[in-house]
Amino acid sequence: MKKRIAVFAVVLVAVCMPVFCVAQHSRETGNNAALQYYSAFLQMKDADLSDADAKELGEIIAGTRPYDDVKFGKLVESNAQAVETMMVGAELPDCDWGFAPLAKKFGAETPVPYFGRSRALGRLDILFVLRAWSKGDQEKAVHALSSGMLYAKHVASGGPLLPVLIGKMLLVQQLSITNRLVDSGKLTSEQRETLRTALAQLDTFGSYWQAAINTEMGILHVSLDHIRSEPDQRQYYKSSFGKDAPPDFHITQQDYADLEKVAAAYSRTLSDDNAAPVQSAINASTKTVQIMIPNPERLVKSKQELQKALEETKAKIH
């Protein structure tokens, strides 16, 4: 799929483009954590890890490879200010990325500069934690780790599925590191309490899955509107999906009806952790709807993986 129809295929744009957060319910703008995170994105320097470095970081997190300060130390130092700015944002209770107003207008073509940057910043925070711990600065490591968990939760708030999956990925990695720090036996009672407090605030993450699906379905509805409004729907289909459209292709009311059925089924799937209702609704849908819908089995698996990791870490630290 070349042109973003499902959120998973989004094309990231430069972080410096003018997309601003909108405070909700008369919230003071200065209390919006996303503003601090956007500042941190701008402070980041050469922060994108290569595939090889990302693989190595995964091995370090898993404990199968030691942290290498010769390799990662300079990267952490040059991005320390960005991580510290992120920590300031993590102390704020609310985060509004400003995604919703744009999604109602642009649908699948909504500009999303924070998706890729949020993952890169989360990885930097993890490296920051590992470096501080390797140098014996337990307090700094615990502070950055607890802040990183709250940041990951903020990443997942108010958007479609992709940022929820990014937040989940970061949290699973951070929880793995938390387990190692606890197992070391070096944490003070105050440091353990800091981590417990952060973990307690992650209980609300579960509601983000359904909220993200609702946003995702709304985006897809707008996308159907966009296709239907095109003078040449078959050409639009080809540019979007990367293949020729069926000879008689055009958006119909059945596409909209089937999308609504899938959206309703997703509510049952996420409450029961059972992908069958969504898969059944997808199988009964039009070909256009089928190609647009996120894979329900993968989503359920991701949700269960995070829940399991949270339960294991809570049990370990209490």
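Residues numbered from 1 in each chain as written. Predicted model: local features only at pLDDT ≥ 70, side-chain atom pairs only at ≥ 80, totals over all residues. Heavy atoms only, no water.

**Student:** Summarise the overall build of the protein; cite the residues concerned and give the values.
**Tutor:** Secondary structure summary: the protein contains 15 helices and zero strands in total. Rg of the C-alpha trace for the protein: 21 Å, near the compact-globule value of 20 Å for 318 residues, within the 12% margin. Taken along the three principal axes of its C-alpha coordinates, the protein extends 65 × 45 × 40 Å. Looking at the protein as a whole, 51% of its 318 residues are labelled buried. Expressed as a percentage of contacts within the protein between residues at least 6 apart in sequence, the contacts between residues at least 24 apart total 80%. Taken as a whole, the protein presents about 14800 Å² of accessible surface, with 50% of it coming from carbon and sulfur. Seen as two clouds, the 36 positive and the 37 negative side-chain charges of the protein have centres 3 Å apart. (Helix = DSSP H or I, 4+ residues; strand = E, 2+ residues; numbered from the N terminus. Rg over C-alpha atoms; globule rule 2.2 N^0.38 Å. Buried < 20%, exposed > 50% of the residue type's maximum accessible area, 1.4 Å probe, protein only. Contact = heavy atoms within 4.5 Å. Areas by Shrake-Rupley, 256 points an atom, 1.4 Å probe, with all protein chains shown as cover. Lys, Arg positive; Asp, Glu negative; His and termini not counted. Charge placed at Lys NZ, Arg CZ, Asp CG, Glu CD.)

**Student:** Lay out the packing of aromatic side chains in plain terms, naming residues and giving numbers.
**Tutor:** Tallied over the full model, the rule gives 11 aromatic pairs. Ring centres of tyrosine 67 and phenylalanine 72 lie 6.4 Å apart, and the angle between their planes is 25 degrees; this geometry places the pair in the stacked category. Residues tyrosine 67 and phenylalanine 72 agree in their burial class; the two are buried. Note on phenylalanine 99 and phenylalanine 115: the rings are 6.2 Å apart at their centroids and 25 degrees apart in plane angle, and the pair reads as stacked. Residue phenylalanine 99 is located in helix 5 (residues 99-106), and its partner phenylalanine 115 is located in helix 6 (residues 114-134); the two are separated by 16 residues in the primary sequence. Residue classification places phenylalanine 115 among the buried positions, given a relative accessible area of 1%. Among the aromatic residues, ring-to-ring pairing joins Tyr37, Tyr38, Phe41, Trp97, Phe99, Tyr114, Phe115 and Tyr151 into one connected group. Over the ring of phenylalanine 106 we find lysine 105; its NZ or CZ atom is 5.7 Å from the centre of that ring. (Phe/Tyr/Trp six-rings, centres within 6.5 Å; stacked < 30°, edge-to-face > 60°. Lys NZ or Arg CZ within 6 Å of the ring centre and 35° of its normal.)

**Student:** Kindly report on the packing of helix 4 (residues 80-90) against helix 7 (residues 138-155), identifying the contributing residues and their values.
**Tutor:** Across the interface, helix 4 lies against helix 7 with an axial gap of 9 Å and an inter-helix angle of 65 degrees. In the packing of helix 4 onto helix 7, the handedness of the crossing is left-handed. Here Met86, Met87, Gly89 and Ala90 of helix 4 lie close against helix 7, whose contacting residues are His143, Ala144, Ser147, Gly148, Leu150, Tyr151 and His154. Partitioning the contact of helix 4 with helix 7 into residue classes produces six nonpolar, five polar and no charged. (Axes fitted to C-alpha atoms, helices over the stretch in contact; angles between N-to-C directions. Left-handed = near helix turned anticlockwise from the far one by under 90°. Nonpolar A, V, L, I, M, F, W, Y, C, P; charged D, E, K, R; others polar.)

**Student:** If you had to explain the confidence of the model for the protein to someone new, which residues and values would you point to?
**Tutor:** In the predicted model, the protein carries a mean pLDDT of 87, and 91% of its residues have values of at least 70. Within the model, the stretch residues 1-27 combines pLDDT values under 50 with 71 contacts to residues more than four positions away or in other chains. (pLDDT = per-residue confidence, 0-100.)

**Student:** Report on the side chain of glutamine 233, specifying residues and quantitative values.
**Tutor:** Residue placement: glutamine 233 occurs in helix 11 (residues 233-241). Glutamine 233 sits in the buried class, given a relative accessible area of 14%. Residue contacts for glutamine 233: discarding those within four places in its chain leaves Ile227, Arg228, Phe249, His250 and Ile251.

**Student:** Would you mind going over the pattern of salt bridges in detail, with residue names and values included?
**Tutor:** Following the criterion strictly, the structure yields 16 salt bridges and no others. A salt bridge links arginine 228 to aspartate 225; its shortest N-O distance comes to 3.8 Å. Here aspartate 225 and arginine 228 lie together in helix 10 (residues 206-229), a separation of three residues that amounts to about one turn. Overlapping salt bridges bring together Asp53, Lys55, Glu56, Glu59, Arg65 and Lys71 as one network. (Salt bridge = Lys/Arg side-chain N within 4 Å of Asp/Glu carboxyl O.)

**Student:** How would you sum up helix 10? Please name residues and give values.
**Tutor:** Taking 1.5 Å per residue, 24 residues should reach 34 Å; helix 10 reaches 36 Å between its end C-alpha atoms and fits that length. Those residues of helix 10 lying buried are Tyr208, Trp209, Ala212, Ile213, Glu216, Met217, Ile219, Leu220, Val222, Ser223, Leu224 and Ile227. (Expected span 1.5 Å × (residues − 1).)

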